[in-house]
Amino acid sequence: MKRLLAGMLCAVLLAIFSMPAVGETEVTRGLFELYDESGESASWLGVAAPVFPGLLATSAGNLPGDTANLSVTDGLHRWDVQEVYAEETFPVAFMTYDSETEPASLEAWPFRMEPGLPSADSIYVLSAAEGGDRLYRTPTAATPMKWQGLDCMLLTLPTPVVPGSPVLTDGNELAGMIAAVYAEGKNRYIAVTAGGIFRRLASLGEKEDELSGNPPEGFTAEPEGNAVTFDWTGVKIPEADTDGEELYLVVADTGNHYLNYFPVEKDMTSVSMLLTPGRTYVSGLLRSAEAPDRLPEQYAVVKLPEAERLTEYAFRPNRTALVLTDGREPAADGSEPDAGKVTEEQILGGKVWFYSSSSYEIDAQQERTLLITMTTPDGENYRYVSAWYYDPGLQTEDAWSISFETMEFTEALKDRDCRPGMYRIDFYIGGALADSFSFELVK
């Protein structure tokens, strides 16, 4: 991938978190049209949706074999496409154009990032015919489906539309994009969700390792292992613009759809957080009258390295597993069998537990940090933070358990509609990887 597109994707990654809520300002949003200029006259290829200034998304199926002579138009201006990123493994392609020299008349749609899929009566598809009017179509049915390993929507529409057409909410947020025609039935289409498009942009930006921040003077994010200290001692904090505004520290995992935020109390100038090894985080200070839903314009970036295996005190994981009970705590002897597959009912019924048994060699008690994380099939990461104690009295077998409810993993899964698939649990002591396992969630 060329550096221009990589830089654009990194900017998109941060901008998605920073987009204002829909309805704050008057904007004009719509479709771009895509043309192939390689022949004697331009050939119409389809439509594309603006997802960021200078960046468009379209169905990969709209692209010709040779993408060297593409152009796009917003109806008022025309640009040559600068770069194209398309993969066989992902049905949505991205294109850049020079929006700085000639700004577009159409603004990007904000991403719908709420968990779960929207209902059919709350979304519509915006499409077009070559040189024709825009078409607004409300689905008669919308059902979740897996396609090429992606979370998608199967939409049934009253009339045909073209691939690349955005799926929008009634609040004009981008909920997905028509990627392909479904083989069975009439006017049925597969749409990749907005979350899937967002995560692809995030992963592309991270692959280039070019994500860099612009923190305000005096703001630092310093990692020590997987503990990150955010310090704003030297930051000149601006006064609130309006009554009721509070100052927040906002921290976002770039692979997640949600933000972490903390009210900054008077005289508070730093805070430490235990974060997940191998993940990239952005952070900054933000004044807001409500719970923050965006990052500040100035932010710091910290990328944590992958964790090394835990070897101190000859640590050995005897068994790390998911176990099922009738709601009670698992037996101390670990008699419950491993549960490699769990159901939504078991998750929501409080029957799922994390179980660990380990051994080590130590003469005196030592304290370390404890972190248990859950990574979803689409790469989102949830954390549970506590303390770990090496205890001489338990060194031959240190067995313990904790419920998914206590770790708030149950609530996280509920918020995401208990999405089926393979989940990974990682268990860290003092920032080092003690053990990990995977389980499958089925409906």
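Here the structure is a predicted model, which is why all the values come from computation and not from measurement. (Residues numbered from 1 in each chain as written. Predicted model: local features only at pLDDT ≥ 70, side-chain atom pairs only at ≥ 80, totals over all residues. Heavy atoms only, no water.)

Quick word on the packing of aromatic side chains
Going by this rule: Any two of the Phe, Tyr and Trp rings considered here, Trp counted by its six-membered ring, make a pair once their centres fall within 6.5 Å; the pair's planes then place it as stacked at under 30 degrees, edge-to-face at over 60, or tilted in between. Two thresholds decide whether a charge sits over a ring: the Lys NZ or Arg CZ must be within 6 Å of the ring centre and within 35 degrees of the ring normal.
On inspection of all chains with the given rule, the structure shows 20 aromatic pairs. Ring pairing ties together the aromatic residues Tyr 313, Phe 315, Phe 354, Tyr 360, Trp 388, Tyr 390, Trp 400, Phe 427 and Phe 437, which thus form one cluster. Across the ring face of Tyr 35, the terminal group of Arg 78 is positioned such that the distance to the ring centre comes to 4.7 Å.

Describing the side chain of Ser 59
Short version of the rule: Every helix listed is a DSSP run of H or I at least four residues long, and every strand listed is a run of E at least two residues long, numbered separately from the N terminus. Pairs of N or O atoms within 3.5 Å make up the polar contacts considered here, provided that, within protein, one atom can donate a hydrogen while the other can accept it, and that residues adjacent in sequence are counted only when both atoms are side-chain atoms. Residue contacts follow a heavy-atom distance rule, with two residues in contact if any of their heavy atoms lie within 4.5 Å.
Tracing the backbone through its elements, the reader meets Ser 59 in strand E3 (residues 55-59). One polar contact links the side chain of Ser 59 to the main-chain carbonyl oxygen of Ala 179, over a distance of 2.9 Å. Those residues in contact with Ser 59 that lie beyond four places of it in its chain are Pro 91, Ala 93, Pro 163, Gly 164, Met 177, Ile 178 and Ala 179.

Brief notes about the pattern of salt bridges
To be explicit about the condition: Whenever Lys or Arg places a side-chain nitrogen within 4 Å of a carboxyl oxygen from Asp or Glu, that contact is recorded as a salt bridge. Each residue is assigned to one of three classes by its accessible area relative to the maximum for its type, calculated with a 1.4 Å probe on protein chains only: buried under 20%, partly exposed between the two thresholds, exposed over 50%.
A full pass over the atoms with the stated rule returns 14 salt bridges. A salt bridge links Asp 435 to Arg 309, with the shortest nitrogen-to-oxygen separation between them at 4.0 Å. Within this pair, whereas Asp 435 is found in strand E29 (residues 432-442), its partner Arg 309 is found in the loop between strand E21 (300-303) and strand E22 (316-324), the two being separated by 126 residues in sequence. Residue Asp 435 is classed as buried on the basis of its relative accessible area, which comes to 14%. Exposure remark for Arg 309: the relative accessible area of 49% places this residue in the partly exposed category. Of the charged contacts, one joins Glu 361 and Arg 316 as a salt bridge, the two residues approaching to 3.9 Å between their closest N and O atoms. Here Arg 316 lies in strand E22 and Glu 361 lies in the loop between strand E24 (352-359) and strand E25 (366-375), a separation of 45 residues in the sequence. Of the residues examined, Arg 316 reaches a relative accessible area of 38% and is grouped as partly exposed. Within the structure, one salt-bridge network assembled from shared partners comprises Lys 146, Asp 151 and Arg 419.

A short note on the pairing of strand E11 (residues 150-156)
Put simply, the rule reads: By this definition, two strands are paired if DSSP reports at least two bridges between them.
Burial analysis of E11 places seven of its seven residues in the buried class, the great majority of the element. In E11, alternate side chains face the same way, and those of Leu 150, Cys 152, Leu 154 and Thr 156 on one face and Asp 151, Met 153 and Leu 155 on the other are all buried. Between strand E10 (residues 141-147) and E11, which follow one another and run antiparallel, lie two residues, and Gln 148 among them has a positive phi close to 55°. Where E11 meets strand E14 (residues 188-193), five bridges bridge the pair, whose relative direction is antiparallel. Opposite Leu 155, over in E14, you have Tyr 189 as the bridge partner.

Examining the sheet that holds E3
Keep this limit in mind: Angles run from 0 to 180 degrees between N-to-C directions of axes, and those axes are lines fitted to C-alpha atoms, restricted for helices to the stretch in contact.
Reading across the sheet, the seven strands line up as E5-E4-E1-E2-E3-E7-E6 and stay open at both edges, with antiparallel pairing between neighbours. The open sheet has two edge strands with one neighbour each: strand E5 (78-80) and strand E6 (83-87). For this sheet the average axis-to-axis angle between neighbouring strands, irrespective of direction, equals 30°. With five bridges connecting them, strand E1 (residues 32-36) and strand E2 (residues 43-52) associate as antiparallel partners.

Overview of a negative patch on the surface
Rules: Residues enter a patch when their relative accessible area is above 30% and they make no salt bridge; the linking distance is 9 Å between like charges and 5 Å between nonpolar side chains (Val, Leu, Ile, Met, Phe, Trp, Tyr). Only the protein chains shown count as cover for residues, and all accessible areas are computed by the Shrake-Rupley method using a 1.4 Å probe. Think of it this way: Lys and Arg go in the positive column, Asp and Glu in the negative one, and His and the chain ends go nowhere. Lys charges are placed at NZ, Arg charges at CZ, Asp charges at CG and Glu charges at CD.
Taken together, the side chains of Glu 408, Glu 411, Asp 415 and Asp 417 present a region of like negative charge at the surface. Following the sequence through the fold, Asp 415 ends up in helix H4 (residues 409-415). Residue class for Asp 415 comes out partly exposed when judged on its relative accessible area of 40%.

Here's the deal with the environment of Thr 159
Secondary-structure assignment places Thr 159 in the loop between E11 and strand E12 (166-169). Overall, Thr 159 belongs to the partly exposed group, its relative accessible area being 27%. Along the chain, Thr 159 and Asn 187 lie 28 residues apart, while their C-alpha atoms are 6.1 Å from each other. Not counting chain neighbours up to four residues away, the residues in contact with Thr 159 comprise Arg 137 and Asn 187.

So, the sheet that holds E21
Across a sheet, strands are paired by hydrogen bonds formed along the backbone, either parallel or antiparallel in direction. With respect to topology, four strands assemble into an open sheet ordered E18-E17-E20-E21, the strand pairing being antiparallel. In this open sheet, the two edge strands, each paired with only one partner strand, are strand E18 (260-263) and E21. Within this sheet the neighbouring strands show an average axis-to-axis angle of 20°, counted without direction. As paired elements, strand E17 (residues 246-253) and strand E20 (residues 280-288) share eight bridges and run antiparallel to each other. Paired with Ala 252 across the two strands is Val 282, which belongs to E20.

Focus on the environment of Ala 339
Relative to the elements of secondary structure, Ala 339 occurs in the loop between E22 and strand E23 (341-343). As a C-alpha pair, Ala 339 and Trp 353 span 14 residues in sequence and 9.5 Å in three-dimensional space. Apart from the residues within four sequence positions on either side, Ala 339 is in contact with Leu 322, Val 323, Leu 324 and Phe 439.

Considering the nonpolar core
Note on soluble globular proteins: their nonpolar side chains tend to be buried together. Operational definition: To define a nonpolar core, start from buried Ala, Val, Leu, Ile, Met, Phe, Trp, Tyr and Cys residues and group those joined through side-chain atoms within 4.5 Å.
Counting 34 residues, the largest nonpolar core has Ile 372, Met 374, Phe 404 and Phe 439 as its most contacted members. Put simply, the parts of the chain that give this core at least two residues each are E24, E25, strand E26 (381-390), strand E27 (398-403), H4, strand E28 (421-429) and E29. Among the elements that line this core, the one with the most residues is E29, at five residues. Aside from chain neighbours lying at most four places away, what touches Ile 372 is Phe 354, Tyr 382, Arg 383, Tyr 384, Trp 400, Ile 402, Met 407, Phe 409, Ile 425, Asp 426 and Phe 427.

Nothing here speaks to function; it is geometry throughout.
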